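# What the coordinates show
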Amino acid sequence: MSFRPLHDRVLVRRMEAEEKTKGGIIIPDSAKEKPQEGEVVAVGAGVRNEKGELVALDVKAGDRILCGKWSGTEVRLDGEDLIIMKESDILGILSVKKAGKKAA
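Residues numbered from 1 in each chain as written. Predicted model: local features only at pLDDT ≥ 70, side-chain atom pairs only at ≥ 80, totals over all residues. Heavy atoms only, no water.

## Quick look at the side chain of Asp8
- Relative to the assigned elements, Asp8 resides in the segment before β1 (9-14).
- Judged by relative accessible area, which is 15%, Asp8 ranks as buried.
- Residues contacting Asp8, with those up to four places away along its chain left out, are Gly46, Val47, Leu57, Met85, Lys86 and Glu87. (Helix = DSSP H or I, 4+ residues; strand = E, 2+ residues; numbered from the N terminus. Buried < 20%, exposed > 50% of the residue type's maximum accessible area, 1.4 Å probe, protein only. Contact = heavy atoms within 4.5 Å.)

## Section: the sheet that holds strand β6 (residues 73-77)
- Read from one edge of the open sheet, six strands run β6-β7-β1-β2-β5-β8, paired in antiparallel fashion. At either end of the open sheet lies a strand with only one pairing partner, and these are β6 and β8 (90-94). Ignoring strand direction, the axes of neighbouring strands in this sheet form an average angle of 45°.
- Pairing analysis gives four bridges linking strand β5 (residues 64-67) to β8, with the strands arranged antiparallel. (Pairing = 2+ DSSP bridges. Axes fitted to C-alpha atoms, helices over the stretch in contact; angles between N-to-C directions.)

## Thoughts on the side chain of Asp63
- By the element assignment, Asp63 lies in the loop between β4 (54-55) and β5.
- Given the relative accessible area of 10%, Asp63 is considered buried.
- Here the side chain of Asp63 touches Lys60 through a polar contact of 3.0 Å, landing on its backbone nitrogen.
- Those residues in contact with Asp63 that lie beyond four places of it in its chain are Gly38, Glu39, Val40, Asp58 and Ile93. (Polar contact = N/O pair within 3.5 Å; in protein donor to acceptor, adjacent residues only side chain to side chain.)

## Things to note about the pairing of strand β2 (residues 37-43)
- Relative to β2, β1 runs antiparallel, the two sharing five bridges. Opposite Leu11, over in β2, you have Ala42 as the bridge partner.
- As paired strands, β2 and β5 are joined by three bridges and run antiparallel to one another. Residue pairing in the sheet places Gly38 in a bridge with Ile65 of β5.

## So, the pattern of salt bridges
- In the structure shown here, the tally under the stated rule is six salt bridges.
- Ionic pairing is found between Arg64 and Glu37, a salt bridge with its closest N-O pair at 2.2 Å. Pair noted here: Arg64 is in strand β5 and Glu37 is in strand β2, with a separation of 27 residues, a long-range link.
- Exposure remark for Arg64: the relative accessible area of 33% places this residue in the partly exposed category.
- Salt bridges here are not isolated pairs; linked through shared partners, they connect Arg13, Glu39 and Glu80. (Salt bridge = Lys/Arg side-chain N within 4 Å of Asp/Glu carboxyl O.)

Keep in mind these values describe shape, not function.
Here it is as structure tokens:
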């Protein structure tokens, strides 16, 4: 199935919650918190400004984002749990720093 969000909505796949603590304790499902990180799967075309011009979204498919724990609406598409949220519910885009060489 193909899905494209409308306007300023974004389709997000939540990252999996941690299974263990840093100390090695296994966390049961009932005690896990909802992860705040996710990956953008699809984005809408954007929103229109006062002049009627289409303004594109800042996020794109493949971006890793940070969002609120209770943001968006949970949906199930093709057996996968996803979230539809407005772009304004996204707190920021995460960028992965590349490991640089250490000076000797």
